[in-house]
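Summary of structural features
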Amino acid sequence: MVSILKIYKFFLQWLLKLVARLSPRTIEIEPGTALAFAKDYSVYVLDFLFFGGSITDKSERSVKFQAECVAKGLRQLGVQKCTLVGFSYGGMVGFRMGEMFPDLVESMVVTGSVMAMTESITHAGLERIGFSRWADYLLPVSAKGVETLFQVACYRFPKLPNWFYNEMLHDFNNYRVEKGELLNALVISDQEFTIPCYQQSIHLLWGENDKIIDLATAQNIKRQVEEKASLEYIEKSGHIARMERPLVYNNHLRKILASLSLKYHIYSLCVG
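Since this is a predicted model, take the numbers as computed values, not measurements.

Here we look at the side chain of Arg61
As for its position among the elements, Arg61 is in the loop between strand E1 (43-45) and helix H2 (63-76). One polar contact links Arg61 to Glu181, side chain to side chain, over a distance of 2.8 Å. Each residue touching Arg61, except ones within four places of it in the same chain, is listed here: Phe50, Thr56, Tyr89, Glu178, Glu181, Leu182 and Ala185.

What follows is the structure, encoded as structure tokens:
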């Protein structure tokens, strides 16, 4: 039986290539939402290590390592400056890139993410969603677990047939060990974290009803970054606001990018 999700992915790849002129590109760093913006920006959709087809034979699993790989990849593609648009884990990688590579990252738009996943943020987030570890939530072992993952991440998630969750479970099982290692490396102690001094403007675009990284956390990030940050939120949306309300999200993002173009020349748009 042909997987419906595989058919969907094939059609999506065809559409991105034909309409948005996006095409896959494999880059060897070391030996061993795009249709809405492709007309006006150069769009790079990143494939983080072990999130899709990207792999490494190194044992490093930190956000810092992901940030270094992305920066090297963009530079190999000839990108000199960019605006990073990051969601969830991609936002954490984006924050780290902004700290480490201010010459590359001119500005950032972040949704549902934090500068670093500290123990206190972890404890508060897990308590809100009713889990004891990120792996228990983010690496489900059953179709019911996949359903719960989406229900928690959404403001209002529609009822879908079981075959959808069963097919999604196959994706979660890809690189399961490595994904668990990424999650273990993600959390740091509160004492390890210091607020970076960002040179970029940072625009926080949030789901008002995000239970995983809630709006209060976004407001705290804005206070920490002070005058360099702005905060907008999307009503009736959760952690995956860009999927729940894509038109509203895209409208917000367009306005943010347009305001940046008054100050900067936008060389490229990186989506994590």
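There's plenty left to go through after this.
Describing the layout of surface pockets
Of the pockets and cavities examined, the second largest pocket occupies roughly 320 Å³. As for the second largest pocket, its lining consists of 17 residues, of which Arg96, Met115, Ala116, Ile188 and Phe193 are closest to the centre. Every element with two or more residues in the lining of the second largest pocket is listed here: H2, helix H3 (89-100) and helix H8 (176-186). When residues in the lining of the second largest pocket are grouped by element, the largest group, three residues, is from H3. Taken together, the residues that form the lining of the second largest pocket break down as eleven nonpolar, two polar and four charged.

Re helix H7 (residues 162-173)
The terminal C-alpha atoms of H7 lie 17 Å apart, and with twelve residues this matches the ideal 16 Å at 1.5 Å per residue to within 8%. Of the residues making up H7, those classed as buried are Phe164, Tyr165, Glu167, Met168, Leu169 and Phe172. Backbone geometry just downstream of H7 places Tyr175 in the positive-phi region, at approximately 55 degrees.

What to know about the packing of helix H6 (residues 143-153) against H7
Across the interface, H6 lies against H7 with an axial gap of 8 Å and an inter-helix angle of 90 degrees. One element, H6, and the other, H7, form an angle in the roughly perpendicular class. For the pair H6 and H7, the contacting residues are Ala143, Val146, Glu147, Leu149 and Phe150 in the first and Phe164, Tyr165, Asn166, Met168, Leu169 and Phe172 in the second. For the contact of H6 with H7, the per-class residue count stands at nine nonpolar, one polar and one charged.

Calculation criteria
Residues numbered from 1 in each chain as written. Predicted model: local features only at pLDDT ≥ 70, side-chain atom pairs only at ≥ 80, totals over all residues. Heavy atoms only, no water. Helix = DSSP H or I, 4+ residues; strand = E, 2+ residues; numbered from the N terminus. Polar contact = N/O pair within 3.5 Å; in protein donor to acceptor, adjacent residues only side chain to side chain. Contact = heavy atoms within 4.5 Å. 1 Å grid on protein atoms, 1.4 Å probe; cavity = no way out; pocket = protein on both sides within 12 Å on 5 of 7 lines; lining within 4 Å. Points joined across faces, edges and corners; volume = space filled by probe spheres on them. Nonpolar A, V, L, I, M, F, W, Y, C, P; charged D, E, K, R; others polar. Expected span 1.5 Å × (residues − 1). Buried < 20%, exposed > 50% of the residue type's maximum accessible area, 1.4 Å probe, protein only. Axes fitted to C-alpha atoms, helices over the stretch in contact; angles between N-to-C directions. Parallel < 35°, antiparallel > 145°, perpendicular 65-115°, else oblique.

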